[in-house]
Amino acid sequence: MKCTFPTIFSCAIALAAPLGAAAKPQQTQAQTSAVLPSYATLAKQVTTAPLIIDGRIRKADRLSAEESPGLAPGMARFLVEADVSALIRGTQAMASRITYTADVPLNAKGKAPKLAKQRVLLFARPVPSRPGMVQLTGLQSQMNWLPELDAQVRAITKDALASNAPPAITGVGNAFHVPGSLPGEGETQVFLQTASGLPVSLQILRRPGETTRWSVSLGDIVDDSAGAPSANTFLWYRLACGLPRSLPAEAVESDDAQNAGKAREDYQYVLRSLGPCT
């Protein structure tokens, strides 16, 4: 089907049903304030979107209730046509003008915002066999363009696509604690499982009279001098948002209950140091 705005009813059914209903748990919304999303929110958008588009909306037609299956209360669904200004992420040839559906929140009076002429950042995936169409990937996948937002998204995209980018954490392989020669001294090592198979490990060192410190190593060589990642960096995101909230019982390698307890305690120390994945 060739989708043009004069044939909006048929296009809405084609777009809103397969793309909107199938992605019901991932409804989209426009950014409505100048407050930037958190680093973790943007990093998740970047890592899950094959396409990141800087574009400007030409026109947006609101779809009817019948044309908007699965629409959440307080939202309106639009069929949007936008001009592509730049492709921040994506290797395929991109049409200069694209069409997609977007769910945006209504204001306090129940009215939909005016989207025409807005500059936006889109996190999307291509639609097979429809080069002029894209599908937004999830919540906040259409964001009002801001210079600070653009800079943050480009920086995260660069870090995520780097050849030495930290891989996604999928679980914990094994963990163990080795006590030192002095009371209160010891080291815990935690070896993580990753989506790429790249080795990633955590080292937590305790010494009497000193603050507990920890580090993360990427690769086969364990380097306890590497230190902990700074907040709001891509390595921080991989750990803060990828580590399980507790050590799996089967991952703790120790027949000594005290050493096993120390390993769990040190792992929780790492989680507290990272802070929440907001």
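Here, every reference points to the structure presented above.
Residues numbered from 1 in each chain as written. Predicted model: local features only at pLDDT ≥ 70, side-chain atom pairs only at ≥ 80, totals over all residues. Heavy atoms only, no water.

### Focus on the nonpolar core
Generally speaking, soluble globular proteins have nonpolar side chains that are buried together.
Then comes step 1: Counting residues in hydrophobic clusters, the biggest one holds 40 residues, and the most contacted among them are Val190, Leu192, Leu202, Leu239 and Leu243.
Then comes step 2: Residue contributions to this core peak at six residues, all from helix H5 (residues 257–274).
Then comes step 3: Among all residues touching Val190, those that are not within four sequence positions of it are Val172, Asn174, Ala175, Val200, Ser201, Leu202, Ile204, Leu247 and Tyr267.
Then comes step 4: Grouped together as the second largest cluster of nonpolar side chains are 18 residues, Leu51, Ala76, Met94 and Ala102 included. (Core = buried A, V, L, I, M, F, W, Y, C linked by side-chain atoms within 4.5 Å. Buried < 20%, exposed > 50% of the residue type's maximum accessible area, 1.4 Å probe, protein only. Helix = DSSP H or I, 4+ residues; strand = E, 2+ residues; numbered from the N terminus. Contact = heavy atoms within 4.5 Å.)

### Here we look at the sheet that holds strand S8 (residues 186–194)
Then comes step 1: The four strands lie next to each other as S7-S8-S9-S10, forming an open sheet whose pairing is antiparallel. Two strands bound the open sheet, and with one partner strand each, they are strand S7 (169–179) and strand S10 (213–218). Within this sheet the neighbouring strands show an average axis-to-axis angle of 15°, counted without direction.
Then comes step 2: In this sheet, S10 lies alongside strand S9 (residues 200–206) in antiparallel orientation, the contact comprising six bridges. Each bridged residue has a counterpart across the sheet, and for Val200 the counterpart in S10 is Leu218. (Pairing = 2+ DSSP bridges. Axes fitted to C-alpha atoms, helices over the stretch in contact; angles between N-to-C directions.)

### Quick look at H5
Then comes step 1: With 18 residues, H5 should cover 26 Å at 1.5 Å per step; its first-to-last C-alpha distance of 26 Å lies within 8% of that length.
Then comes step 2: Within H5 the residues assigned to the buried category are Asn259, Ala260, Ala263, Asp266, Tyr267, Val270, Leu271 and Leu274. Along the axis of H5, the buried positions cluster into a sector of 145°, meaning they face one direction only. For H5, the exposed residues lying more than 90 degrees away from the buried face are Ala257, Gln258 and Arg272.
Then comes step 3: Those residues of H5 hidden inside the fold are in contact with S7, S8, S9, S10 and helix H4 (234–242).
Then comes step 4: Capping of H5 at its N-terminal end is provided by Asp256; its side-chain oxygen lies 2.8 Å from the backbone amide nitrogen of Gln258.
Then comes step 5: Count one or two residues on from H5 and you reach Gly275, which has phi positive near 85°. (Expected span 1.5 Å × (residues − 1). Arc of directions from axis to C-beta. Polar contact = N/O pair within 3.5 Å; in protein donor to acceptor, adjacent residues only side chain to side chain.)

### Regarding the pattern of salt bridges
Then comes step 1: Summed over the entire model, instances satisfying the criterion amount to eight salt bridges.
Then comes step 2: Across the salt bridge formed by Asp103 and Arg77, the nearest N and O atoms sit 2.7 Å from each other. Of this pair, Asp103 sits in strand S3 (residues 97–105) while Arg77 sits in strand S2 (residues 75–89), placing them 26 residues apart in sequence.
Then comes step 3: You can call Asp103 buried: its relative accessible area is 4%.
Then comes step 4: Ionic contacts of the salt-bridge type, sharing partners, join the residues Arg58, Glu81, Asp83 and Arg97 into one network. (Salt bridge = Lys/Arg side-chain N within 4 Å of Asp/Glu carboxyl O.)

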